[in-house]
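Structural overview for review
The chain contents come next:
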Amino acid sequence: MTAIYRALIGPLVEQVRRVTTGDGTATPPGIGLALGGGFARGFAHLGVLQVLEENQIPIHCMAGTSVGSILAAAYASGVPLPRIASVCRDIRFRDFGRWRPTRLGLASNDRMAELVQRCFNAATFEALLIPTAIVATDLGTGDPVVFTRGELVPALRASCAFPGLFEPVHVDGRCLADGGLVAPVPTQAVAELGARCVVGVSVGSNSWDGTAPTNIFQVFSRALAAAQKHQSASWESAADILLEPDIQSINWDDFHRADEAMAAGAAAARRALPRLRELLRLPAGSQPEASGGAGGGFGWKEKPAQ
């Protein structure tokens, strides 16, 4: 069935994706959107997607880590943004996880299969309307594992298996955990899907206000954030634009503040619109002069207002 889909349906989907101008010339293929992890802070991704939709910024491909993988896959499956936002406002731990203390974790995220079945419009990568990559971490090698085909549920569960909280997920003989360990924002994964303009959305950084964590969940999340704080150069260099919504006051477990996170994501995306339009007008193959950024990309970074 996969081969039949690719042969018959794939070309039609690709034709729809390549919007043409009035004179028949193909427009640029759009952006590659990389959505990072951050639990409740990840709801800011929806605000970014809303602004892109409102301004008709085409998305050529997507990649996600942790909560970013769920939102990327849901959107790529064709679920309307208002419906995704409605689910996010009402989401509770019991919808995707259950407490089950073992030697490897405090809980299991196996209920994510029911969430995908109930809320998504696709169950496989091949059925997604937008090419999407999901990143997890191989706990046997420490290397990233990038899923781009097959069933969505195992990939999503693995990418969201936050270490210490959720049990690792076994896929094809590999023991996998949260993709944020190796790709806090999966810019390299989306670049490998063919994106000419890579937009990363980072929502996982900690505010580092000097206060101590107050529960085990915050201990886990801050430990991961501390590790990510010192590896940002590796994924920032693959981004042409990096959005950092102003969500420092939102804790990783503040699921009730979904609307605030969405508004922050929308504000960050609106500030970046002029640069986005500029990049998408560039003719294929041209290379603008860099403005001092580390590594590749255009050296431009969108930061939250102070």
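Because the structure is predicted, anything quoted here is derived from the model rather than measured.

1. Concerning empty space enclosed by the protein
The tally for this structure, following the rule as stated, stands at 3 cavities of 30 Å³ or more. Taken as a whole, the largest cavity spans an internal volume of roughly 360 Å³. Taken together, 22 residues line the largest cavity, and the ones lying closest to its centre are Val 67, Ile 70, Ile 91, Phe 96 and Leu 115. Where the lining of the largest cavity is concerned, the elements lending two or more residues are helix H3 (67-76), helix H4 (81-90) and helix H5 (112-119). Here the residues of the lining of the largest cavity are counted per class, giving 19 nonpolar, 2 polar and 1 charged.

2. With respect to the environment of Pro 82
Relative to the elements of secondary structure, Pro 82 occurs in helix H4. Sequence separation of Pro 82 and Gln 50 is 32 residues, and the distance between their C-alpha atoms is 9.1 Å.

3. Some points on the pattern of salt bridges
As enumerated under the stated definition, the model contains 6 salt bridges in all. Notably, a salt bridge pairs Asp 259 with Arg 89, separated by 2.7 Å at the nearest N-O pair. With a gap of 170 residues between them, Asp 259 in helix H10 (residues 258-280) and Arg 89 in helix H4 connect regions that are remote in the sequence. Exposure remark for Asp 259: the relative accessible area of 45% places this residue in the partly exposed category. The partner of Arg 98 in a salt bridge is Asp 110, with the nearest N and O atoms 2.7 Å apart. Within this pair, whereas Arg 98 is found in strand S3 (residues 98-99), its partner Asp 110 is found in the loop between strand S4 (107-108) and H5, the two being separated by 12 residues in sequence. The class of Arg 98 is partly exposed, set by a relative accessible area of 28%. Residue classification places Asp 110 among the partly exposed positions, given a relative accessible area of 23%. Through salt bridges that share partners, Asp 254, Arg 257 and Glu 260 make up one connected network.

Definitions and cut-offs
- Residues numbered from 1 in each chain as written.
- Predicted model: local features only at pLDDT ≥ 70, side-chain atom pairs only at ≥ 80, totals over all residues.
- Heavy atoms only, no water.
- 1 Å grid on protein atoms, 1.4 Å probe; cavity = no way out; pocket = protein on both sides within 12 Å on 5 of 7 lines; lining within 4 Å.
- Points joined across faces, edges and corners; volume = space filled by probe spheres on them.
- Helix = DSSP H or I, 4+ residues; strand = E, 2+ residues; numbered from the N terminus.
- Nonpolar A, V, L, I, M, F, W, Y, C, P; charged D, E, K, R; others polar.
- Salt bridge = Lys/Arg side-chain N within 4 Å of Asp/Glu carboxyl O.
- Buried < 20%, exposed > 50% of the residue type's maximum accessible area, 1.4 Å probe, protein only.

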